[in-house]
Amino acid sequence: MTALTDSFGRVHTYLRISVTDKCNLRCAYCMPAEGIVWRQKEELLTFEEIERVASIMVKFGVNKIRLTGGEPMVRRNIENLAKNLSRLDGLKTLAMTTNATMLAETAQTLKESGINALNISLDTLKRERFLKITRRDQFDTVWAGLQAALTTGFDELKLNSVVIAGFNDDELLEFSDLAFNNKLNVRFIEFMPFKDNEWNVEKVVTYKDMIKEIEKRYTLTPIKSDRSAVAKDFSLHDRDGNLGKGSVAFITSMSDSFCATCNRLRLTADGQIKSCLFYPAEINLRDRMRDGASDADIEAMIRHALQLKPEAHPPAEELAKSDNRTMIEIGG
Ligand SMILES: C[S@@+](CC[C@H](N)C(=O)[O-])C[C@H]1O[C@@H](n2cnc3c(N)ncnc32)[C@H](O)[C@@H]1O
């Protein structure tokens, strides 16, 4: 087996698969206010096509797959895809990132279909703010989804929160309380620029500033993680020295990028390989597969995408002007 290595020697073991570009929320930082033009069903990869690409990648060393979107749970029968992927020999982690709007009823089914790591996205603990940022009044549903995930017991349960100055940066302590009291890793994400997502540099809260705020209530101690981990993880102790049940983490894409250890590849819902979240170039696997490409052809295209992967992404201000697709189209 020859590993999936790029021209800078980075070995790729993690595949993020967007299963749909559709979402039932309208998060302002993820998609433009006027929405996007949804892809037609036939433009999206079928489950069989996704499984084919995934199995080729797993054969060459991918051991972690994340299902994302859009909102992965709006793709009908997603649990069938999960079941088939979870059976791939060599796959250790099958993860999903979801907005949790449909989780209250489905958490157990997801676990049974082989999802062993779950990330839930929630940016505020205040109902009115939730409506403002997601443009949908679904806070209670998402909260019920989070509770269902906590009781179902996944091997890994994380909560993603995009921190935006002037919007939710006053909730860092409340989110940290949530991590302290539950077996949950709360990940604070630095706000990233994508096409038409109202980003500007003043809205970015750096992880160093977030840490200063959280340290008003908790002592943070770094937790050692593997080299390719994108998050900086910390355990929490309160002022009486009690250790929290969960932990917090920071995704520092803006102030301290982790390109040097990047091990990720992305497959978009319409079948494009993207080697870097911020690099507009894409390799169209879908059309070649539909034209009868062999597994060896697909492998060659994946390796070609890796050769095009840049060493690092450009600085934030440049990214804001780039021709990259919106986050919802790429798949988060
Ligand atoms: C695009 S969503 C897709 C999966 C699912 N619908 C969800 O809400 O988790 C994946 C993740 O990307 C994050 N995200 C989207 N736009 C972002 C941005 N501009 N900066 C930082 N994170 C972003 C979301 O908060 C979410 O945690």
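The paragraphs below set out a description of the structure included in this document.

### Quick word on the sheet that holds strand β5 (residues 156–163)
Move 1: With respect to topology, 12 strands assemble into an open sheet ordered β7-β8-β9-β6-β5-β4-β3-β2-β1-β10-β11-β12, the strand pairing being mixed. Every other strand in the sheet has two partners, leaving β7 (219–223) and β12 (283–284) as the edge strands with one partner each.
Move 2: For strand β3 (residues 93–98) and strand β4 (residues 117–121), the ladder comprises four bridges, and the chain directions are parallel. Looking at the pairing, alanine 95 lines up with alanine 117 of β4.
Move 3: Contacts from helix α7 (residues 207–214) reach β5, β6 (185–190), β7, β8 (231–237) and β9 (243–251) within the one sheet, and its direction differs from that of β6 by about 135°.

### Brief notes about α7
Move 1: Residues of α7 that are buried include every one of Tyr207, Met210, Ile211 and Ile214, and no others. Taken around the axis of α7, the buried residues stretch over an arc of 100°, which confines them to a single face. Turned more than 90 degrees away from the buried face of α7, the exposed residues are Lys208 and Lys212.
Move 2: Next to the buried residues of α7 lie β5, α6 (172–181), β6, β7, β8 and β9.

### Considerations on the state of the cysteines
A covalent bond between the sulfur atoms of two cysteines is referred to as a disulfide.
Move 1: Applying the stated rule across the entire model yields zero disulfides.
Move 2: With no disulfide partner, cysteine 30 has as its closest neighbouring cysteine sulfur the one in cysteine 27, 6.2 Å distant.
Move 3: By relative accessible area, which is 16% here, cysteine 30 ends up buried.
Move 4: We note that cysteine 262 lacks a disulfide partner, and the nearest cysteine sulfur, in cysteine 276, lies 6.8 Å from it.

### Notes on the side chain of arginine 264
Move 1: The residue arginine 264 is located in strand β10 (residues 264–267) in this model.
Move 2: Put simply, arginine 264 is tucked away with no salt bridge, and the nearest opposite charge, on aspartate 226, sits 9.7 Å away.
Move 3: If sequence neighbours within four positions are ignored, arginine 264 has contacts with His12, Tyr14, Arg16, Val230, Ser275 and Lys309.

### Things to note about the site of the ligand
Move 1: Taken together, 20 residues lie near the ligand, and Gly70, Glu71, Thr97, Ser121 and Met192 sit nearest.
Move 2: Separating an oxygen atom of the ligand from a backbone N or O atom of threonine 98 is a distance of 3.4 Å.
Move 3: Between asparagine 197 and the ligand, the recorded distance is 3.2 Å, taken from a side-chain N or O atom to a nitrogen atom.
Move 4: Expressed as a share of its isolated accessible area of 550 Å², the protein-covered part of the ligand is 94%.
Move 5: Looking at the shell around the ligand, the elements that each hand over two or more residues are β3, β5 and β6.
Move 6: Residues of the shell around the ligand, tallied by class, amount to eight nonpolar, 10 polar and two charged.

### Points about the pairing of β4
Move 1: Within β4, four of the five residues are buried, which leaves it mostly tucked inside the rest of the structure.
Move 2: For the handedness criterion, the β-α-β arrangement of β3, helix α3 (residues 103–112) and β4 is classed as right-handed.

### Details of the nonpolar core
Move 1: Core analysis: the largest hydrophobic core is formed by 106 residues, its most contacted members being Ile17, Ile65, Leu67, Leu118, Phe188 and Phe250.
Move 2: Counting residues per element, this core draws most heavily on helix α1 (residues 47–59), which supplies seven residues.
Move 3: Beyond its immediate sequence surroundings of up to four residues, isoleucine 65 is in contact with Leu15, Ile17, Ala54, Val58, Leu85, Leu88, Leu91, Thr93, Leu94 and Ala95.

### A word on the packing of aromatic side chains
Move 1: Under the defined criterion, the tally for this structure stands at eight aromatic pairs.
Move 2: In this structure, lysine 232 packs its charged tip against the face of tyrosine 207, placed 5.3 Å from the ring centre.
Move 3: Across from the ring centre of phenylalanine 60, 4.9 Å away, lies the NZ or CZ of arginine 303, which sits over that ring.

Reading guide: rules and limits
- Residues numbered from 1 in each chain as written.
- Predicted model: local features only at pLDDT ≥ 70, side-chain atom pairs only at ≥ 80, totals over all residues.
- Heavy atoms only, no water.
- Pairing = 2+ DSSP bridges.
- Helix = DSSP H or I, 4+ residues; strand = E, 2+ residues; numbered from the N terminus.
- Contact = heavy atoms within 4.5 Å.
- Axes fitted to C-alpha atoms, helices over the stretch in contact; angles between N-to-C directions.
- Buried < 20%, exposed > 50% of the residue type's maximum accessible area, 1.4 Å probe, protein only.
- Arc of directions from axis to C-beta.
- Disulfide = S-S within 2.5 Å.
- Lys, Arg positive; Asp, Glu negative; His and termini not counted.
- Salt bridge = Lys/Arg side-chain N within 4 Å of Asp/Glu carboxyl O.
- Near = heavy atom within 4 Å.
- Polar contact = N/O pair within 3.5 Å; in protein donor to acceptor, adjacent residues only side chain to side chain.
- Areas by Shrake-Rupley, 256 points an atom, 1.4 Å probe, with all protein chains shown as cover.
- Nonpolar A, V, L, I, M, F, W, Y, C, P; charged D, E, K, R; others polar.
- Right-handed = clockwise from strand over helix to strand, strands pointing away.
- Core = buried A, V, L, I, M, F, W, Y, C linked by side-chain atoms within 4.5 Å.
- Phe/Tyr/Trp six-rings, centres within 6.5 Å; stacked < 30°, edge-to-face > 60°.
- Lys NZ or Arg CZ within 6 Å of the ring centre and 35° of its normal.

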